[in-house]
Amino acid sequence: MSGRFIITKTPKGFYRFSLQAANYQTVLTSKNYSSLATCREGVETIKKNALSPIEDQTLQKPGPSLKYPKYEVYFDSAGKYRYRLLASNGLNVAIAEDGYTTKAGCLNGIESISRAAVDAQVDESALQN
């Protein structure tokens, strides 16, 4: 079952999107975009790269670095697992909303993106308010 991308405008005038899974849980948030057009491009980048391979940077002996696009699993400053999605140009296009206490939970979050993003609808209704 697919999810939905929700595009919003911040109080400072930037645009952002989040991806909600079918269970309405937010599994991904974007960076700030200066225009609605570039935010929409970001959504399309996520859809295009949702099935990218995973590079695990939490291992003591990490394997070779993967080419872009890819997900990176890493430890945040609080010692929790997080993921980020890097586009084909190497730019960070999305991060996990929250840190995960287990690697399995983090990997499950990536799996949620893979299931939800490819066919997700885009909801811009919050922009009408």
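Structure shown above.
Asker: Sorry if this is basic, but what is going on with the overall build of the chain here?
Answerer: A count of helical and extended segments in the chain gives 2 helices and 8 strands. Beginning at the N terminus, the succession of helices and strands in the chain can be written as β-β-β-α-β-β-β-β-α-β. Relative to a compact globule of 129 residues, whose C-alpha radius of gyration would be 14 Å, the chain shows 14 Å and is just as compact. Over its C-alpha atoms, taken along the principal directions, the chain stretches across nearly 50 × 30 × 30 Å. Burial status across the chain gives 40% buried among its 129 residues. For the chain, contacts bridging at least 24 residues in sequence account for 42% of all contacts bridging at least 6.

Asker: Would you take a moment to explain the packing of aromatic side chains for this structure?
Answerer: For any pair of aromatic rings, the description rests on two quantities: the centre-to-centre distance and the angle between the ring planes. Across all of its chains, the model carries 5 aromatic pairs by this definition. The interplanar angle of 75 degrees and the centroid separation of 5.7 Å between the aromatic rings of F5 and F17 together place this pair among those described as edge-to-face. Of this pair, F5 sits in strand β1 (residues 4-9) while F17 sits in strand β2 (residues 15-20), placing them 12 residues apart in sequence. You can call F17 buried: its relative accessible area is 2%. Connected via pairs of aromatic rings, a cluster forms that spans F5, F17 and Y33. Directly above the ring of Y74 sits R84, whose terminal nitrogen or CZ lies 3.8 Å from the centroid.

Asker: Where do I start with the environment of S2 in this structure?
Answerer: Locating S2 in the fold gives a position in the segment before β1. Classification of S2 by relative accessible area gives partly exposed; the value is 33%. What S2 contacts, discounting residues up to four positions off in sequence, is A22, R115, A116, D119 and A120.

Asker: Got a minute to help me understand helix α2 (residues 103-117) in this structure?
Answerer: Residues spaced three or four apart along an α-helix point in a common direction, a consequence of the helix completing one turn every 3.6 residues. The first and last C-alpha atoms of α2 sit 21 Å apart over 15 residues, in line with the 21 Å expected at 1.5 Å per residue. Every buried residue of α2 is listed here: C106, G109, I110, S112, I113, S114, A116 and A117.

Asker: Just checking my understanding: could you explain the pattern of salt bridges for this structure?
Answerer: Where side chains of opposite charge bring their charged atoms close, a pairing between them can arise. All told, the structure shown has 9 salt bridges when counted by the stated rule. With a closest N to O distance of 2.6 Å, R4 and D123 form a salt bridge. Here R4, found in strand β1, pairs with D123, found in strand β8 (residues 121-123); they are 119 residues apart in sequence, far enough to count as distant. With a shortest N-O distance of 2.6 Å, R84 and E72 are connected by a salt bridge. Residue R84 is located in strand β6 (residues 81-86), and its partner E72 is located in strand β5 (residues 70-75); the two are separated by 12 residues in the primary sequence. Take E72: its relative accessible area is 7%, and that puts it in the buried class.

Conventions adopted
- Residues numbered from 1 in each chain as written.
- Predicted model: local features only at pLDDT ≥ 70, side-chain atom pairs only at ≥ 80, totals over all residues.
- Heavy atoms only, no water.
- Helix = DSSP H or I, 4+ residues; strand = E, 2+ residues; numbered from the N terminus.
- Rg over C-alpha atoms; globule rule 2.2 N^0.38 Å.
- Buried < 20%, exposed > 50% of the residue type's maximum accessible area, 1.4 Å probe, protein only.
- Contact = heavy atoms within 4.5 Å.
- Phe/Tyr/Trp six-rings, centres within 6.5 Å; stacked < 30°, edge-to-face > 60°.
- Lys NZ or Arg CZ within 6 Å of the ring centre and 35° of its normal.
- Expected span 1.5 Å × (residues − 1).
- Salt bridge = Lys/Arg side-chain N within 4 Å of Asp/Glu carboxyl O.

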